[in-house]
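# Survey of secondary and tertiary structure
Each chain is listed here by its residues.
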Amino acid sequence: MSETGASYAAAGVDIEAGDRAVELMKEWVKKTQRPEVLGGLGGFAGLFDASALKRYERPLLASATDGVGTKVDLARKMGVYDSIGHDLVGMVVDDLVVCGAEPLFMTDYICVGKVHPERVAAIVKGIAEGCVLAGCALVGGETAEHPGLLGPDDFDVAGAGTGVVEADQLLGADRIRTGDAVIAMASSGLHSNGYSLVRHVVFDRAGWALDREVAEFGRTLGEELLEPTKIYSLDCLALTRTTEVHAFSHITGGGLASNLARVIPDHLHATVDRSTWTPGAVFDLVGKAGQVERLELEKTLNMGVGMIAVVPEESVDVALTTLADRGVDAWVAGAIVDRHSTERGEHTSGATLTGDYAK
C-alpha cells in the first residue's frame, strides 16, 4: 500500500490544466458578446439582461439542446478540434429558428478524458465562431474531466441555446396553406447527422483512410467528412423580415421527408421533387461504397438540403433573391398540396419525395 496520500491529481483530474483552458478560451468567448450579456467568463452562471425583451408584446422563449454525435471521433482522429464547434452551434440555433426565434445565447458542455488546454480552447474557439455566425452569445459552459471513464484523448460536446420570438410571429404548421412553395437551402455536406452509418460504410466496409485523396471531393476523405455544418439562423431571420414565411424545417437526423413532415398540418402534404437538385458527391459515395439503398440514405442523411422554408407562392421571388444576396444556394423544390389529392411515394407521413435526382 502506498504511503502517499490520495489526491485529485492522482485520480486523474488536473485542476491547473482546467484553469489554463479557461484562460485560453476567454478571448474567443469575448468575441460572441451581445450588449445584453453581463459579466465575463468564470462565474457560476451566465447572465443575460432580460429587460431587452420589454420591446416584445408577448415574448416566447424557445430552447434547444443537441450534440455533434460520432463526428467527434473523426475530429479526434484528425486532430482538428475547432470545426465541430460550428456543428454544435448549427445543430442548436437552427432548431431554434424553425419557430422564428432569434437565438440569444448558448452554453456548452465539453467532457474529456484528460484536459489538454489547447485542445479544449480550440473546441471553444469553434463554438464561439459559430455563435458569431448565428448572432448569439456564448455566455458560459462547463469542461468536465472524466478519467477512467474516457480515454486521455476522448471527448464529447453538447450545447443548449435560448431564443425569443414574438407570439404573433410564431411560425409553424398552423400557418401553412395549400399552394405554398417549399424552398430548399443547400447543405454544406453531411452536417452532423448519420455519421454512425457513414463511418461504418467508409471505414468498416470500404476500408478507406481519412487521408485518402478523393477526386470527387477535391480533397481528402477526412476533410470532406469534417466539413462544418452550415448555420442558417441569420439567413432565416432575414427571410422573415423581408417576406412572409409560414414555416421552416431543419433537416437533421431522419432526413428531409421526416423533418419536413414535422411542420406540415394533418390535412396537407408536402411534395418535394428530387429532380430540382443534385446531392453532393459525398452522398453518392456513401450510397455506392456501402450499397445503401436510396430510401435508407434519405432516412439518415440530409441529401444536400439543410433547411427548408415554406412560403406563400407570391413570396417566392423575394425569398430566393434574399437568400441569393446572402450567399445561400436555394431553389423551389416542391409545394404544399391537399393531403387527399396526393399519391404517396416512399414517405407517407406528411411529406413525399418524388422523381429522381438530377445528374
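For clarity, every value in this text was computed on a predicted model and none was experimentally measured.

Tracing the backbone through its elements, the reader meets histidine 86 in helix H3 (residues 83–96). Classification of histidine 86 by relative accessible area gives buried; the value is 16%. Leave out the neighbours within four places in its chain, and histidine 86 touches Gly126, Glu129, Gly130, Leu133, Pro228, Thr229 and Ile231.

Moving on: the sheet that holds strand E5 (residues 137–145). Read across the sheet, four strands follow the order E3-E6-E4-E5 without closing on themselves; strand pairing throughout is mixed. Every other strand in the sheet has two partners, leaving strand E3 (59–67) and E5 as the edge strands with one partner each. On average, each strand axis in the sheet is inclined to that of its neighbour by 15°, with strand direction left out of account. For strand E4 (residues 102–112) and strand E6 (residues 155–166), the ladder comprises ten bridges, and the chain directions are antiparallel. Looking across to E6, one finds that tyrosine 109 is bridged to alanine 158. Sheet strands touched by helix H4 (residues 117–134): E4, E5 and E6. Its angle to E4, the strand with the most contacts, is close to 165°.

Burial along strand E10 (residues 247–250) is two-sided: Ala247 and Ser249 facing one way and Phe248 and His250 facing the other are all buried. Of the pairings in the sheet, the one linking E10 to strand E12 (residues 305–311) comprises four bridges and is antiparallel in character. Paired with phenylalanine 248 across the strands is alanine 309, a residue of E12.

Phi is positive for histidine 191, close to 60°, though the residue is something other than glycine. Among the secondary structure elements, histidine 191 is positioned in the loop between strand E7 (181–186) and helix H5 (195–205). By relative accessible area, which is 1% here, histidine 191 ends up buried. In this model, glutamine 291 sits at a positive phi of 50°, which is unusual for a non-glycine residue. Inspection of the secondary structure puts glutamine 291 in the loop between helix H9 (281–289) and helix H10 (294–300).

Applying the stated criterion to the full structure yields two cavities of 30 Å³ or more. There is about 50 Å³ of room inside the largest cavity. In terms of lining residues, the largest cavity is bounded by Val112, Lys114, His116, Arg119, Val120, Ile123, Pro152, Asp153, Asp154 and Phe155. For the lining of the largest cavity, the leading source of residues is H4, giving three residues. Here the lining of the largest cavity is composed, by residue class, of five nonpolar, one polar and four charged.

Attention now moves to the packing of aromatic side chains. One pass over the structure, following the stated rule, counts four aromatic pairs. Centroid distance tryptophan 277 to tryptophan 331: 5.9 Å. Interplanar angle 40°. Geometry classified as tilted. Of this pair, tryptophan 277 sits in the loop between strand E11 (268–273) and H9 while tryptophan 331 is found in strand E13 (residues 330–338), placing the two residues 54 residues apart along the sequence. Centre to centre, the rings of tryptophan 277 and tyrosine 357 are 5.4 Å apart; their planes meet at 70°, and the pair counts as edge-to-face. Taken as a pair, tryptophan 277 in the loop between E11 and H9 and tyrosine 357 in the segment after strand E14 (351–354) lie far apart in primary sequence, 80 residues in all. Here tryptophan 277 and tyrosine 357 have matching classes, each one buried. What links up through ring pairs into an aromatic cluster is the set Trp277, Trp331 and Tyr357. The ring centre of tyrosine 232 lies 5.7 Å from the NZ or CZ of lysine 230, which sits over that ring.

Calculation criteria
Residues numbered from 1 in each chain as written. Predicted model: local features only at pLDDT ≥ 70, side-chain atom pairs only at ≥ 80, totals over all residues. Heavy atoms only, no water. Helix = DSSP H or I, 4+ residues; strand = E, 2+ residues; numbered from the N terminus. Buried < 20%, exposed > 50% of the residue type's maximum accessible area, 1.4 Å probe, protein only. Contact = heavy atoms within 4.5 Å. Pairing = 2+ DSSP bridges. Axes fitted to C-alpha atoms, helices over the stretch in contact; angles between N-to-C directions. 1 Å grid on protein atoms, 1.4 Å probe; cavity = no way out; pocket = protein on both sides within 12 Å on 5 of 7 lines; lining within 4 Å. Points joined across faces, edges and corners; volume = space filled by probe spheres on them. Nonpolar A, V, L, I, M, F, W, Y, C, P; charged D, E, K, R; others polar. Phe/Tyr/Trp six-rings, centres within 6.5 Å; stacked < 30°, edge-to-face > 60°. Lys NZ or Arg CZ within 6 Å of the ring centre and 35° of its normal.

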